[in-house]
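The primary structure of each chain is shown beneath.
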Amino acid sequence: MPLIKFIEADGQEHEIDAEPGISLMQVAVDNAVAGILGDCGGGCSCATCHCYIQDEFLDRLTPPDTLELEMLQCAVDPKANSRLSCQIDVSDELDGMVVHLPESQF
């Protein structure tokens, strides 16, 4: 299973062996990672699962679609490496990925 490291805005780290095939958001929610809310349940309609993906992993992800890009405009402090974690499916290629979380989802 791929190891994913979530780093909260305050620096607290969570290293999680993630099940391939589920969303990064679900991994965070299932493991009580503070900072990923996922209010819409993964429907790409709330931006409360906003995160920052480690740059060297961005090219391993499916690019964001138009809906995700629109939702990211609603996120607090979006950056070039911002993604909605509900739109990222865990795969073995993501082993070792670091995901930084924003200070707020609102």
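For the structure, see preceding data.
The paragraphs below set out a description of the structure included in this document. Predicted model only: the values in this text are computed from it and were never measured. (Residues numbered from 1 in each chain as written. Predicted model: local features only at pLDDT ≥ 70, side-chain atom pairs only at ≥ 80, totals over all residues. Heavy atoms only, no water.)

**Topic: the pattern of salt bridges**
And then number 1: A full pass over the atoms with the stated rule returns four salt bridges.
And then number 2: Here glutamate 13 and lysine 5 are joined by a salt bridge, their closest N and O atoms 3.4 Å apart.
And then number 3: Residue classification places glutamate 13 among the partly exposed positions, given a relative accessible area of 45%.
And then number 4: In this structure lysine 5 comes out as partly exposed when scored by relative accessible area, which is 22%.
And then number 5: A salt bridge links glutamate 15 to lysine 5; its shortest N-O distance comes to 3.6 Å. Here the residue glutamate 15 occupies a position in strand 2 (residues 13-17), and lysine 5 occupies one in strand 1 (residues 3-7), the gap between them amounting to ten residues. (Salt bridge = Lys/Arg side-chain N within 4 Å of Asp/Glu carboxyl O. Buried < 20%, exposed > 50% of the residue type's maximum accessible area, 1.4 Å probe, protein only. Helix = DSSP H or I, 4+ residues; strand = E, 2+ residues; numbered from the N terminus.)

**Notes on the side chain of glutamine 54**
And then number 1: Structurally, glutamine 54 is set in the loop between strand 3 (50-53) and helix 2 (66-72).
And then number 2: Only 2.9 Å separates the side chain of glutamine 54 from the backbone nitrogen of valine 98, close enough to count as a polar contact. (Polar contact = N/O pair within 3.5 Å; in protein donor to acceptor, adjacent residues only side chain to side chain.)

**Considering the environment of aspartate 30**
And then number 1: By the secondary structure assignment, aspartate 30 is in helix 1 (residues 24-30).
And then number 2: Of the residues examined, aspartate 30 reaches a relative accessible area of 53% and is grouped as exposed.
And then number 3: At a separation of 2.7 Å, a polar atom in the side chain of aspartate 30 contacts the side chain of glutamine 26.

**Topic: the sheet that holds strand 5 (residues 98-100)**
And then number 1: Sheet architecture is open: five strands sit in the order 2-1-5-3-4, paired in mixed fashion. Strands with a single pairing partner mark the edges of an open sheet, and in this sheet they are strand 2 and strand 4 (82-84). Across this sheet, the average inter-strand angle for adjacent strands is 35°, counted without regard to direction.
And then number 2: Pairing between strand 1 and strand 2: five bridges, direction antiparallel. Note on strand 2: the bridge partner recorded for isoleucine 7 is glutamate 13. (Pairing = 2+ DSSP bridges. Axes fitted to C-alpha atoms, helices over the stretch in contact; angles between N-to-C directions.)

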